[in-house]
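These are the residues of each chain, in order.
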Amino acid sequence: MDIDPSKILVRYNVAKEKAQTPEEMAAELYPSTEPAKTICAAIFDGEEDDVIEGLEKAIEGGADPVALIDDVLMVGMKIVTDLYDQGVIFLPNVMMSADAMLEGIEYCKEQGGAAPKPKGKVVCHVAEGDVHDIGKSIVAALLRAAGYEVVDLGRDVPVDEVIAAVKKESPMMLTGTALMTTTMYAFKEVNDRLLESGIKIPFQCGGGAVNQDFVTQYELGIYGEEAADAPKMADAILSGKGLAQLKEQFHKH
Amino acid sequence: MVKRYTSLAYKNADDMIFGKSVYPVKAELGLEVGAGYVTGEVNYAPRPEAGVSKEKLVSEYRRLTTDIMARAVQVGFPGISLETEHVEQMTNNPDWGGEVAHVQKTIMEEYHEEYGIKTALRHTPGDVRENRDLLALIGPKYDVLMESFEAVADAGADFLSIETMGGKEVLDYAILRNDIPGLVYAIGCLGSIDMTMIWEDIRKIADKKGRIAAGDTDCSQANTAMFIAGGLLDKNLAHTIAIIARAISAPRTLAGYEAGAQGPGKDCGYENTIVKAITGCPIAQEGKTSTCAHSDVMGNLVMQCCDLWSNESVEYHGEFGGTSVQCWSESLNYDAAMLNVATETGNAKMLRDILVLSDKYRDPQGYVLAYDNAYKVAEAIAKDGDNLYLRSKNAAIACCDLLTSADPKKLVMSKFEINALNDAKAALDAMTDEESTFMSDSMEKYKAEVAVFRPEDNYKF
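Counting restarts for each chain: residues are numbered from 1 in the order of the written sequence. For this description, chains carry letters from A and ligands carry numbers from 1, given in the order in which they are written. Where local features are concerned, this predicted model is filtered to residues with pLDDT of at least 70; where side-chain atom pairs are given and counted, the filter is 80 or more; whole-chain, interface and lining totals use all residues. The side-chain figures draw on all heavy atoms in the structure; neither hydrogens nor water molecules are used.

Considerations on the overall build of chain A
How we decide: Here a helix means four or more residues in a row that DSSP labels H or I, a strand means two or more in a row labelled E, and each is numbered from the N terminus. Summary of the burial criterion: residues with accessible area below 20% of their type's maximum are buried, those above 50% are exposed, and those between are partly exposed, where the area comes from a 1.4 Å probe applied to protein chains only. The contact criterion used is simple: two residues touch if any of their non-hydrogen atoms lie within 4.5 Å.
Helices and strands together make up the secondary structure of chain A, namely 12 helices and 5 strands. The C-alpha extent of chain A, read off along each of the three principal axes, is 65 × 55 × 30 Å. Counting the 253 residues in chain A, one finds 52% classified as buried. The long-range fraction of contacts in chain A, counting pairs at least 24 apart against all pairs at least 6 apart in sequence, stands at 71%.

Quick word on the nonpolar core
As a reminder, the rule being used: Residues grouped as a nonpolar core are buried Ala, Val, Leu, Ile, Met, Phe, Trp, Tyr and Cys residues, joined through side-chain atoms within 4.5 Å.
Ranked by size, the top nonpolar core spans 194 residues in total, and within it L73(A) and I175(B) carry the most contacts. A per-element tally of this core places helix α6 (residues 180-209) of chain B first, with 16 residues. For L73(A), the contacting residues outside a window of four places in its chain are I39(A), I43(A), V51(A), L55(A), L68(A), M101(A), G104(A), I105(A) and C108(A). Grouped together as the second largest cluster of nonpolar side chains are 46 residues, L153(A), A165(A), I201(A) and L246(A) included.

Observations regarding the sheet that holds strand β4 (residues 203-206) of chain A
All names here are of chain A. Going by this rule: Strands qualify as paired when DSSP identifies two bridges or more between them. Every axis in this analysis is a line fitted to C-alpha atoms, fitted for helices over the stretch in contact. Angles between the N-to-C directions lie between 0 and 180 degrees.
Strand order in this open sheet of 5 strands is β2-β1-β3-β4-β5, and the pairing throughout is parallel. Looking at the sheet topology across the chains shown, the edges are occupied by β2 (149-152) and β5 (221-223). When the angles between neighbouring strand axes are averaged without regard to direction, this sheet yields 25°. The sheet contact formed by strand β3 (residues 173-177) and β4 spans 4 bridges and is parallel. Bridging across to β4, T177 finds its partner in G206. The sheet contacts of helix α8 (residues 159-169) involve β1 (121-126), β2 and β3, and relative to β1 the element is tilted by about 170°. Lying on the sheet, helix α11 (residues 229-238) is in contact with β3, β4 and β5; it crosses β3 at an angle near 160°.

Considerations on the state of the cysteines
Inclusion rule: Disulfide: a pair of cysteine sulfur atoms within 2.5 Å of each other.
Inspection of the entire model under this criterion finds 0 disulfides over all chains. The thiol of C219(B) is not disulfide-bonded; the next cysteine sulfur, from C268(B), is found 3.8 Å away.

Quick look at the confidence of the model for chain B
Short version of the rule: Every residue carries a pLDDT, the predictor's confidence in it, which falls somewhere between 0 and 100.
On average, chain B scores 96 in pLDDT, and the residues at 70 or more come to 100%. Interface confidence in the predicted complex, given as ipTM, is 0.88; pTM for the same model is 0.94.

A word on the interface of chain A and chain B
Put simply, the rule is: When two components associate, each loses some accessible surface as probed by a 1.4 Å sphere; the sum of these losses over both components is called the buried area. One side-chain nitrogen of Lys or Arg within 4 Å of one carboxyl oxygen of Asp or Glu is enough to make a salt bridge.
Taken together, the 45 residues of chain A in the interface contact 49 residues of chain B. The contact between chain A and chain B buries some 4000 Å² in all, and 59% of this surface belongs to carbon and sulfur atoms. For the interface between chain A and chain B, the tally reads 6 salt bridges. Note that R11(A) is salt-bridged to E417(B), the shortest N-O span being 2.7 Å. Put simply, the parts of the chain that give the side of chain A that touches chain B at least two residues each are α1 (12-16), α6 (91-112) and α7 (134-145) of chain A. Broken down by element, the residue count for the side of chain A that touches chain B peaks at 6 residues, all from α6(A).

Some words on the packing of helix α13 (residues 371-383) of chain B against helix α14 (residues 388-404) of chain B
Residues and elements named next belong to chain B. Note the following rule: Should an angle fall under 35 degrees it is called roughly parallel, over 145 degrees roughly antiparallel, and 65 to 115 degrees roughly perpendicular, with every other angle called oblique. We call a crossing left-handed when the near helix sits turned anticlockwise from the far one by less than a right angle, and right-handed when that turn is clockwise. In this classification, Asp, Glu, Lys and Arg are treated as charged, Ala, Val, Leu, Ile, Met, Phe, Trp, Tyr, Cys and Pro as nonpolar, and every other residue, Gly included, as polar.
Between α13 and α14, the shortest axis-to-axis distance is 8 Å and the interhelical angle comes to 150°. Taken together, α13 and α14 sit at an angle that is classed as roughly antiparallel. For the crossing formed where α13 meets α14, the hand is right-handed. Residue-level contacts link N373, K376, V377, A380, I381 and K383 of α13 to R391, N394, A395, A398 and L402 of α14. Grouping the constituent residues of the contact of α13 with α14 by class yields 6 nonpolar, 2 polar and 3 charged.

So, the sheet that holds strand β5 (residues 118-124) of chain B
Residue and element names in this part refer to chain B. The sheet built from 7 strands is open, its strands ordered β7-β6-β5-β4-β3-β9-β8 with parallel pairing. Edge positions in the open sheet fall to β7 (212-215) and β8 (284-286), since each of these has one partner strand only. Mean inter-strand twist for the sheet, computed between neighbouring axes without regard to direction, equals 30°. In terms of strand pairing, strand β6 (residues 159-161) meets β7 through 3 bridges, oriented parallel.

In structure tokens form, the structure reads like this:
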């Protein structure tokens, strides 16, 4: 028994696929001048060695290593994240490009002895009792790729440690991920302890069992349905949006 | 040394059907799994605030168990299976899990005695073998885990299960980088090594306590891949990569049976159809009736060979139709009733094929897991069944070959999926046939690239 499946399903992803390949779309966005063009292409391809080689040539040619971070590496990464946001490329491409970009940044820092100022600082953690950290790792990588400094507290992080880190680092945003219903209850404790300390920063929460209904039970909570919401939320905070506006923008249900 | 499977339990794919397995298992209160009928297996999670104390958790499970049993009797179902997946507090404090199992089994016995309803209780301790930063598969946490199994077995759990984490430290790195050799190493090799160790010990406990070592699943890895892949418009992972990870998960799950598991396999193991073809053991599955927990693209298809039909997990709370566990257990058992009528009227294969065809072409994942294709993956695994590496690689290659030879007018894949598939096949073709070479090269590579990978501490190579 077999069928023609065309009447019972639609593969919308195929229907929506662009005529251009991702590589063609990226090429249209690269800077026109060298070595920026080659370095950006190497970031897109996730080729760490080629990124370093391009940076070496640029520095030999007189470029300021620290300036290369903002002027070239971040430009290349933005092409990648923009195409990801448009649904043209997939997460593994972003992760590999981020690896290449971060290696490039380290190289530039070594060469220049200084580092550019990040857009902001974010503290990331996985809820106490929960060891599932792939979601947090994706969030951290996307934030770094967008130019934010990430303080990654790791997984199964006690509430006390989260509070201490926030006090020490004074981040613009805290993120928390959890897979299970009973571990995500720690988010509420984090929220209450932050408020007791008079700290009112957005607390982005997401992951497996976490849902908007739960997150809206506590004042600082902003529900992040997708890992890709994290840098968008950070950008929104930088643009001056407060808790109420963040909830309005990111709470979809 | 465990004996590896090198042949299939079924002579041909068409013999595989829901409700019937070659080697059924029987629980204490009369429920048989794989003996010719399908039963609903309801699964649940306590509300967030219930985890704060043992008393609150036990009370939560007492109430939800009573709810489920009452609904099953009210609607007239002949049997029901319950699965308690531990929250971490219950495994880390074995007496908590034991107390919950005892309370649940007592309620189930009361209903069995009063109404004759057949029931079974599965307990699934959480894989707590981790330190704050690293997997700690061998050591004190392992001992706690075994104590948890002892406690729930003592307290009356019929089926003992777990979702092990072996290999996950490498998988989490590899899956986000389209690293196919990394998937083979993480799932097929590291995962199988861990499975072999843990299931020999679970089987010993089950035998000692008169319980059934049920089964494991590659939830921590293949399901991670499936969840990241998401739906048709998600852009996080190619669905072709997700199904390759799934194909590799079958030999991993198989390792549990080789070390002593007897089924029913765990519900979220979408690889279970492949595994059933090889072992002949009964399986639980989940699909359209687990949308309370997650979405997938094969809601009907996975029902094809199930012996238990599960809802994956639902938080315990109120719905219009009763509590959530009542609603979902009712839905599950109506599904089971439909399947059982098909069996009773001689239409089982017809219904199975309708279920399969409703999803077979929806996605590369469903296509490979359709029982006829799953059987081909099973054959590829058994061909080199005594070699953990080769059988995993074979599974991945068989998966790629099935997709590339599919009718492109029926299985319509995006360019991205096809490119990812071609890249994966090229990576597989470039891999060695020598297990020792692969293992030593992989250990060196991932020790260098994955900071949390500590093979010497975690795997008995």
